[in-house]
Amino acid sequence: MNVLLIGSGGREHALAWAIAASPLLGTLYCAPGNPGMVTLGTNVALDVSNHEDVITFCREKTIGLVMVGPEAPLVAGLVDDLTAAGIKAFGPTRYAAQLEGSKGFTKDICRAHNIPTAAYERFTALDAALAYVRRQGAPIVIKADGLAAGKGVTVAMTLSEAEAALRDIWDGRFGEASCVVEAFLEGEEASFFVLSDGVNVLPLTTAQDHKRVGDGDTGPNTGGMGAYSPAPCMTPAMTAEALETIVKPTVKALAGRGHPYKGVLYAGLMLTKSGPQLIEYNARFGDPETQVLMPRLKSDLLTLLLATVDGTLDKMSVRWKDETALTVCLCAKGYPGTVAKGNPINGLEKDLGAGVEVFQAGTALKDGQLVSNGGRVLNVTALGKTVKEAQQRAYAAVDAIDFADGFCRRDIGWRAL
Ligand code: AMP
Ligand code: GLY
């Protein structure tokens, strides 16, 4: 079977790596892909926002499955259009992708189905939002409604921070202004991934991300500076509770609305004293969490993706290596702000040690030289029997890579140690 994978980040490199290992695979095409993926498939320059072009490409290359990596094409309805054209595509429809695309949509589902999440109100007018925040007091959490690339959330520890965040939203930075204001939750954060075929839910595994740019979880939020899987705080009991009280009711709610959720559902959880609560959903695999999920996966990814699209997840099981995977994001200096591009990266051809994989993200080839081409540049991933071993192996590999313009957090995994 030929597969078209949409995306170009570290997540997509890890997905390509797992798909390329499938006995079911014919040719893998990556649109647009990155230099790390050229040994696994063929990179193609397709404008994925032009759904007709994608459909034409799929017909020409007899694509048996389109795997959508990032959220933007999902929210734009790529899966709807491919499905209507008779092409199998992994990922939720535009409607179901609102679980990620609209915080208000998700909160309203939680309220209607008693799914544990922070108490909240939605606002479309600044005055009402300000009045509410003043009544509630700080700490309080302000969320722009809509996709904001992880930058639309302010955890305000003071009232003036909260007010500033609201004014920012009504300054028009996030398009049409509306927001969710919700109660501040305390606890440890963890990510829980499941596959859903619309009816059946197959739990995958858990991970923990490191969102802040600096060691000790300091500095501004990023897309994620590193991750490990599994998350020790997600005990079997905690995982079962999250599945029964949060994930399954959500999947049932969407099916009940006539818009079954098909794809991977990534639940961002806060493990509070009273149990897991939903912080947010993502309608896709995590980045960099996928870079630690794929090295642990023993089952065939392509088989699981197809079962999700075909509605046969009830017949599937999934096996994981009994090891920890840990990934360190090597970023270009300045990230998450402005970064310089085009700086050389060397050393990837070296033997970087047992259980090590480097997934590329913001890279490019310039006259045959690998160079940086974005904020998060490489994901240096290692397996180990323990978090400590995985961490030591990952950092040994990081230190063997020559990327003078790069930096990384030195403490990925600290919560688990
Ligand atoms: P989100 O984009 O909704 O995942 O929010 C980004 C980050 O803000 C989360 O990863 C949490 O660290 C934090 N956050 C979001 N909602 C809350 C909340 N209700 N209480 C405390 N922290 C939160
Ligand atoms: N690592 C966070 C995300 O993928 O949204």
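For the structure, check the block above.
So, here's what we can say about the structure. (Residues numbered from 1 in each chain as written. Chains lettered and ligands numbered in written order. Predicted model: local features only at pLDDT ≥ 70, side-chain atom pairs only at ≥ 80, totals over all residues. Heavy atoms only, no water.)

Here we look at the pattern of salt bridges
And step 1. As enumerated under the stated definition, the model contains 19 salt bridges in all.
And step 2. Put simply, Arg284 and Glu100 hold a salt bridge, and the shortest N to O gap is 3.1 Å. Here the residue Arg284 occupies a position in the loop between strand S16 (275-282) and helix H10 (290-296), and Glu100 occupies one in helix H5 (residues 98-101), the gap between them amounting to 184 residues.
And step 3. Note on Arg284: relative accessible area 11%, which makes it buried.
And step 4. Lys103 is paired through a salt bridge with Glu280; the nearest N and O atoms lie 3.6 Å apart. Here Lys103, found in helix H6 (residues 103-112), pairs with Glu280, found in strand S16; they are 177 residues apart in sequence, far enough to count as distant. The burial state of Lys103 is the same as that of Glu280; both residues are buried.
And step 5. Through salt bridges with shared partners, a single network forms among Asp217, Arg409, Asp411 and Arg415. (Salt bridge = Lys/Arg side-chain N within 4 Å of Asp/Glu carboxyl O. Helix = DSSP H or I, 4+ residues; strand = E, 2+ residues; numbered from the N terminus. Buried < 20%, exposed > 50% of the residue type's maximum accessible area, 1.4 Å probe, protein only.)

Observations concerning helix H9 (residues 236-256)
For an α-helix, the turn length of 3.6 residues means that residues three or four places apart are oriented alike.
And step 1. Along its 21 residues, H9 runs 28 Å from first to last C-alpha, staying within 8% of the 30 Å computed at 1.5 Å per residue.
And step 2. Packed against the buried residues of H9 are H5, H6, strand S10 (188-197), strand S11 (201-209), strand S15 (262-272) and S16.
And step 3. After H9 finishes, the residue Gly258 shows a positive phi value of roughly 80 degrees. (Expected span 1.5 Å × (residues − 1). Contact = heavy atoms within 4.5 Å.)

Things to note about the pairing of strand S2 (residues 28-32)
And step 1. For S2, the tally of buried residues reaches 4 of 5 residues, placing the bulk of the element in the interior.
And step 2. Where strand S1 (residues 2-7) and S2 come together, 5 bridges link them in parallel fashion. Each bridged residue has a counterpart across the sheet, and for Gly7 the counterpart in S2 is Pro32.
And step 3. As for the winding sense of the linkage, the β-α-β connection from S1 through helix H1 (residues 10-20) to S2 is right-handed.
And step 4. Pairing between S2 and strand S3 (residues 42-43): 2 bridges, direction parallel. Among the inter-strand pairings, Tyr29 is bridged to a residue of S3, identified as Thr42. (Pairing = 2+ DSSP bridges. Right-handed = clockwise from strand over helix to strand, strands pointing away.)

Interpretation note: all reported values are geometric properties and have no functional meaning in isolation.
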